[in-house]
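# Breakdown of the fold
Listed here are the chains, written in short residue letters.
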Amino acid sequence: MSTALPKGLFISFEGIDGAGKSSHIEALAQAFRDQGRVVTLTREPGGTPLAEKLRALMLHDAMDPLTEALIAFAARRDHLVQVIEPALARGEVVISDRFTDATFAYQGAGRGFSWEQLSALERMAQTGTALQAGQAPDFMREPDMTLWFDLPAEVAAERLATARVPDRFEAQPGEFFARVAQGYAERARTAPQRFVRIDAHASRHAVWQQITQAVVRKGWLAIMVGSKP
Ligand SMILES: Nc1ncnc2c1ncn2[C@@H]1O[C@H](COP(=O)(O)OP(=O)(O)OP(=O)(O)O)[C@@H](O)[C@H]1O
Ligand SMILES: Cc1cn([C@H]2C[C@H](O)[C@@H](COP(=O)(O)O)O2)c(=O)[nH]c1=O
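Position numbers for residues count from 1 along each chain, tracking the sequence in the order it is written. Chain letters and ligand numbers both follow the written order, the letters beginning at A and the numbers at 1. Local features are withheld for residues below a pLDDT of 70 in this predicted model, meaning they are given only at 70 or higher, and side-chain atom pairs are given and counted only at 80 or more; totals for whole chains, interfaces and linings count all residues. The side-chain numbers reported here are obtained from all heavy atoms of the structure, hydrogens and water having been left aside.

### What to know about the layout of surface pockets
Over the atoms rolls a probe the size of a water molecule, and in doing so it shows where empty space is left. Rules: The pocket and cavity definitions rest on a 1 Å grid over protein atoms only: a 1.4 Å probe that fits but cannot leave marks a cavity, an open set with protein on both sides within 12 Å along at least five of seven lines marks a pocket, and residues lining either have an atom within 4 Å of a point. Grid points are joined across faces, edges and corners, and a volume is the space filled by probe spheres set on the points. Note on conventions: DSSP H or I runs of at least 4 residues are helices, E runs of at least 2 residues are strands, and numbering of each starts at the N terminus. Any residue outside Ala, Val, Leu, Ile, Met, Phe, Trp, Tyr, Cys, Pro, Asp, Glu, Lys and Arg is labelled polar, Gly included; the first ten of those are nonpolar and the last four are charged.
Each pocket or cavity is described by its volume, and for the largest pocket that value is around 820 Å³. Taken together, 35 residues make up the lining of the largest pocket; nearest its centre are D17, G18, K21, R98 and R164. Broken down by secondary-structure element, the contributors of at least two residues to the lining of the largest pocket are helix 1 (22-34), helix 2 (49-60), helix 3 (65-89), helix 4 (100-110), helix 6 (153-160) and helix 8 (204-217). Broken down by element, the residue count for the lining of the largest pocket peaks at four residues, all from helix 4. For the lining of the largest pocket, the class distribution of residues is 14 nonpolar, eight polar and 13 charged.

Here it is as C-alpha cells:
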C-alpha cells in the first residue's frame, strides 16, 4: 500500500530591506514542522552553492541593471532546479526569503529596468522546471503564497540604521527604497490571489498573528493556540 505524499507548498517572504521578514521565517518553518511537515528553508539570491556565489557578486560588485537582473534570474533557475522543485516533489513546504517579486521591485521599480523585459526573463527562467512533477512544459513555477511585508521606507531605514554594514542594496538612498516599496505594491496588484499583505509596521506579535491567520485560512496549518514568533 502506498502512502500519498502531502502536496508540496511554496511560500515566499517579500518586502524592502528591514521590513522584518527574517524575524518570522524560522518561526513559520517551526510551526509547519510542529504539525508534521518537512520544511526546506531557503533564500534568494542564493540557496545553492552556485547561486550563493552569484549572490555575493550581486550584493557587492558594481554592475548595470540588466546584468543585475540576469544574475538574479540565473541564480533563481539554479535554485529552482536544484532545490525548490525537488523539495516540492517530495511534498515539502518550501519557504524562501525572497523570490521573483524582489527582481521586479529592486531591478524593476528600484533601478528602472523594464517590467516587460523582466516578465520575459521570468517566463524563461521559471518554465520547464516541473516536468518531473507532471506539469505541462509551459508551466511557470511561482509561489503558492507570497507574504508581502509592507512597511514605509523611512521606518525600515530607522530599523536598519544601527543594524549592520550595508551591502550594495542596503546602501541605497531612501528614494530607492520608496520606489522598491511601490514596486511591491504594484506587483501585489497584479497577483491578488497569491499576495497577502502583512502590515509590517505592527508589533512583532501582531505581525506573527497576520502570518499565521493567512496560512491557517488556506487550510495549510491547523489553528495554533498560543504560538509565538
Ligand atoms: N515588528 C517589528 N517592530 C519593530 N522592529 C522590528 C520588527 N520586526 C523586526 N524588527 C527589527 O527590524 C530590523 C530588521 O528586521 P529583519 O532583519 O527581520 O528584516 P528583514 O526584512 O529580514 O531585512 P533584510 O531583508 O534586509 O534581511 C531588526 O533589527 C529587527 O529586530
Ligand atoms: C532576490 C533578489 C534580491 N535582491 C536584493 C534585495 C536585498 O537587498 C538583497 C538580499 O539581501 P537579504 O538581506 O537576503 O534580503 O538582494 C534584488 O535586488 N533582486 C532580487 O531578485
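### Brief notes about the site of ligand 2
Worth spelling out the cut-off: Here a residue is near a molecule or strand as soon as one of its heavy atoms is found within 4 Å of it. Counted as a polar contact is a pair of N or O atoms within 3.5 Å, where, for protein atoms, one must be capable of donating a hydrogen and the other of accepting one, and residues adjacent in sequence contribute only when both atoms are in side chains. The protein chains shown are the only cover counted for residues, whose accessible areas, like all others here, come from Shrake-Rupley with a 1.4 Å probe.
The environment of ligand 2 is made up of 14 residues, and the closest members are D17, R55, R98, T103 and Q107. Side-chain polar atom of D17 to an oxygen atom of ligand 2: 2.9 Å apart, as the coordinates give it. For ligand 2, an oxygen atom lies 2.7 Å from a polar atom in the side chain of R98. Taken by itself ligand 2 offers 480 Å² of open surface, and the protein chains cover 94% of this.

### Considering the UniProt feature "binding site: ATP" (unreviewed entry) in the protein chain
Here is the rule: UniProt positions are given in the numbering used here, feature names are shortened, and annotations may be inferred rather than shown by experiment. Note on exposure labels: buried denotes an accessible area under 20% of the residue type's maximum, exposed denotes more than 50%, and partly exposed covers the range between, all computed with a 1.4 Å probe on protein chains only. Contacts are assigned to residue pairs that have any heavy atoms within 4.5 Å of one another.
Here the UniProt feature "binding site: ATP" (unreviewed entry) sits at G15, I16, D17, G18, A19, G20, K21 and S22. Cross-referencing the annotated residues with the largest cavity identifies I16 as lining it. Inspection of the secondary structure assignment puts D17 in the loop between strand 1 (9-15) and helix 1. Judged by relative accessible area, D17 falls into the buried class, the value being 12%. When residues no more than four places from it in sequence are discounted, the contact partners of D17 are R98, Y106, A156, L160, E170 and F177. For D17, the side chain forms a polar contact with the side chain of Y106, separated by 2.5 Å. Summarising the element assignment, G20 is placed in the loop between strand 1 and helix 1. Look past the residues within four positions of G20 in its chain and what remains in contact with it is F149 and R159.

### Focus on the sheet that holds strand 2 (residues 39-43)
This is how the line gets drawn: Think of it this way: DSSP has to see at least two bridges between two strands before they count as a pair. Only the stretch in contact is used when a helix axis is fitted, and all axes are lines through C-alpha atoms; the angle between N-to-C directions ranges over 0 to 180 degrees.
The strand order across the open sheet formed by five strands is 2-3-1-4-5, and the pairing between neighbours is parallel. Only two strands of the sheet have a single neighbouring strand rather than two, namely strand 2 and strand 5 (195-199). Between one strand axis and the next, the sheet turns by 20 degrees as a mean value, whatever way the strands run. Judged from the five bridges that link them, strand 4 (residues 145-150) and strand 5 form a sheet pairing that is parallel.

### A word on the site of ligand 1
Test applied: Assignment to a cavity or pocket requires that more than half of a molecule's atoms be within 2 Å of the site's grid points.
Taken together, 14 residues surround ligand 1, and among them K21, S22, S23, R164 and R204 come closest. Within the side chain of D17, a nitrogen or oxygen atom sits 3.1 Å from an oxygen atom of ligand 1. Here A19 contributes a backbone N or O atom positioned 3.2 Å from an oxygen atom of ligand 1. Within the complex, 76% of the 630 Å² of free accessible area of ligand 1 lies under protein. The cavity where ligand 1 resides is the largest pocket. For the shell around ligand 1, the per-class residue count stands at two nonpolar, five polar and seven charged.

### Overview of the packing of helix 3 against helix 5 (residues 115-126)
The test is simple: Any angle between 65 and 115 degrees counts as roughly perpendicular, while under 35 counts as roughly parallel, over 145 as roughly antiparallel, and the rest as oblique. The hand of a helix crossing depends on one turn: near helix anticlockwise from the far one by less than a right angle means left-handed, and clockwise means right-handed.
Where helix 3 meets helix 5, the axes come as close as 9 Å, and the angle between the chain directions of the two elements is 25 degrees. In terms of axis orientation, helix 3 runs roughly parallel to helix 5. For the element pair helix 3 and helix 5, the recorded crossing hand is right-handed. Across from A69, L70, F73, R76, R77 and L80 in helix 3, the residues of helix 5 making contact are L118, L121, E122, M124, A125 and Q126. Its residues assigned to classes, the contact of helix 3 with helix 5 shows eight nonpolar, one polar and three charged.

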